[in-house]
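Descriptive structure summary
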Amino acid sequence: MFKWLHPYAKPETVYHLCGRLMPWLMGAALLLLLLGNIWGLAFTPPDYQQGDSYRIIHLHVPAAIMSMGTYSAMAIAAFTALVWQVKVAQWSVLAIAPIGAVYTAIALITGMAWGKPMWGTWWVWDARLTSELILLFLYLGVIALSGAFSDRQTGAKVASLLAVVGVINLPIIHFSVEWWNTLHQGASITKFAKPSIDPSMLWPLLISILAFKILMLALLCMRLRTAILVNEQHRPWVKAMAGD
Amino acid sequence: MYFQSWAEFWAMGGYGLFVWLSFGSSYIMLAALVWYSQYQHKQFKRQLSAKLAREKRLQQYQEQTD
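Residues numbered from 1 in each chain as written. Chains lettered and ligands numbered in written order. Predicted model: local features only at pLDDT ≥ 70, side-chain atom pairs only at ≥ 80, totals over all residues. Heavy atoms only, no water.

Considering the overall build of chain B
Spelled out, the test is: Each helix corresponds to a stretch of at least 4 residues labelled H or I by DSSP, and each strand to a stretch of at least 2 residues labelled E; elements are numbered beginning at the N terminus. With the radius of gyration taken over C-alpha atoms, the globule rule is written as 2.2 Å times the number of residues to the power 0.38. Think of it in three bands: with a 1.4 Å probe and only protein chains considered, a residue is buried below 20% of the maximum accessible area for its type, exposed above 50%, and partly exposed in between.
Looking only at helices and strands, one finds two helices and zero strands in chain B. In terms of overall size, chain B is more extended than a compact globule, its C-alpha atoms giving a radius of gyration of 26 Å where 66 residues would be expected to give roughly 11 Å. Taken over the C-alpha atoms alone, chain B extends approximately 80 × 20 × 10 Å along its principal axes. Per-residue burial for chain B yields a buried fraction of 27% across its 66 residues.

Printed below as a string of structure tokens:
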């Protein structure tokens, strides 16, 4: 049933596929990010309680959602690498971790800049903020562990193990605003209920979320290609390509 | 546009510092990640072709001296 997937485990195929997709993904991501952010910054009405400070939502929410989405992708790649020993999956884990780390940092920094005017403080040790900070440390842990062993294979395996174990943090982040008393507001967009945000503000937000998602894929393509080259540099196909 | 003037747009209803701090730092981080990923790729490609060219020269030299 999944046999059609097999060629995509071959590094050479993935290298060329990523090379073809990358420019389109990067272009689409930049266009959507500009569209969503300019729309959100200049062409939506201010919030009735928060005034214009709420416009930070157009970066904060996409970065926060995709910091978790990127982690799920990394954990799936790590699981695939550990169980089926697919090399491309293993390299994807290390290629994707810095993207997730940057997204998490953006979510935290924009959250601080939003928290100062609205809550009166840059930071509180409450459940949502702390669990998101732990997510950043998980990403940094994966990056650090992969480089901490003299044998690259061992490092990659240990990093994958951490990535899989760290999945436990995702539901904690998601439900932290319901399980604990917190300064952080609940979700404005959910899958099952009508969004508690006006459509005029929702559309640019959804576009920005899509932009962050596509940007993640574009960056993954770019970084995975480098990883494939580094790991396959002694193979004939790489030599034939880079030699001329 | 919702704002009446550019000055009003930059002021963001008094929250300018926080809004532009958010957008500025986020764009800088994203741009740095994109730039660095691209730089790493190009850098490694350069190194690799230099290494392969060196190996080729070495091989040619050995063939000449034999």
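A short note on a nonpolar patch on the surface
Condition: Like-charged residues are merged into a patch within 9 Å and nonpolar side chains (Val, Leu, Ile, Met, Phe, Trp, Tyr) within 5 Å, provided each residue has over 30% relative accessible area and no salt bridge. Working definition of accessibility: Shrake-Rupley area with a 1.4 Å probe, residue cover restricted to the visible protein chains. Here, a salt bridge means any side-chain nitrogen of Lys or Arg that lies within 4 Å of a carboxyl oxygen of Asp or Glu.
A contiguous nonpolar surface patch, about 1100 Å² in accessible area, is contributed by Leu34(A), Leu35(A), Ile38(A), Trp39(A), Phe43(A), Trp203(A), Leu206(A), Met1(B), Trp6(B) and Trp10(B). Of all the elements, helix H1 (residues 11-42) of chain A adds the most residues to the nonpolar patch, at four residues. The topology assignment puts Trp6(B) in helix H1 (residues 6-11). Trp6(B) gets classed as exposed once you look at its relative accessible area, which sits at 57%.

A few points about helix H2 (residues 57-84) of chain A
To be explicit about the condition: One less than the residue count of a helix, multiplied by 1.5 Å, gives the span that helix is expected to have.
Here H2(A) is 28 residues long and its end C-alpha atoms lie 40 Å apart, about the 40 Å a rise of 1.5 Å per residue gives. Of the residues flanking the end of H2(A), it is Gln85(A), one or two places downstream, whose phi is positive at about 55°.

Comments concerning the pattern of salt bridges
All names here are of chain A. In total, this model carries four salt bridges over all chains according to the counting rule given. Residue Lys10 is joined to Glu12 by a salt bridge in which the shortest nitrogen-to-oxygen separation is 4.0 Å. Residue class for Lys10 comes out partly exposed when judged on its relative accessible area of 46%. One continuous salt-bridge network, built from bridges that share partners, spans Lys87, Glu232 and Arg235.

What about the packing of aromatic side chains?
Here is the rule we go by: Only Phe, Tyr and Trp rings are paired, with Trp represented by its six-membered ring, and only when their centres lie within 6.5 Å; those with planes under 30 degrees apart are stacked, over 60 edge-to-face, the remainder tilted. For a Lys NZ or an Arg CZ to count as sitting over a ring, it must be within 6 Å of the ring centre and within 35 degrees of the ring normal.
Tallying each qualifying case throughout the model produces 19 aromatic pairs over all chains. Taking 6.0 Å as the distance between ring centres and 70° as the angle between the ring planes, the aromatic pair formed by Phe23(B) and Tyr27(B) counts as edge-to-face. Placement of both Phe23(B) and Tyr27(B) in helix H2 (residues 16-65) is noted, with a separation of four residues, approximately one turn of the helix. The rings of Tyr2(B), Phe3(B), Trp6(B), Phe9(B), Trp10(B), Trp20(B), Phe23(B) and Tyr27(B) are connected pair by pair, giving a single aromatic cluster. Above the face of the Tyr15(A) ring, Arg225(A) is positioned so that its terminal group lies 4.2 Å from the ring centre.

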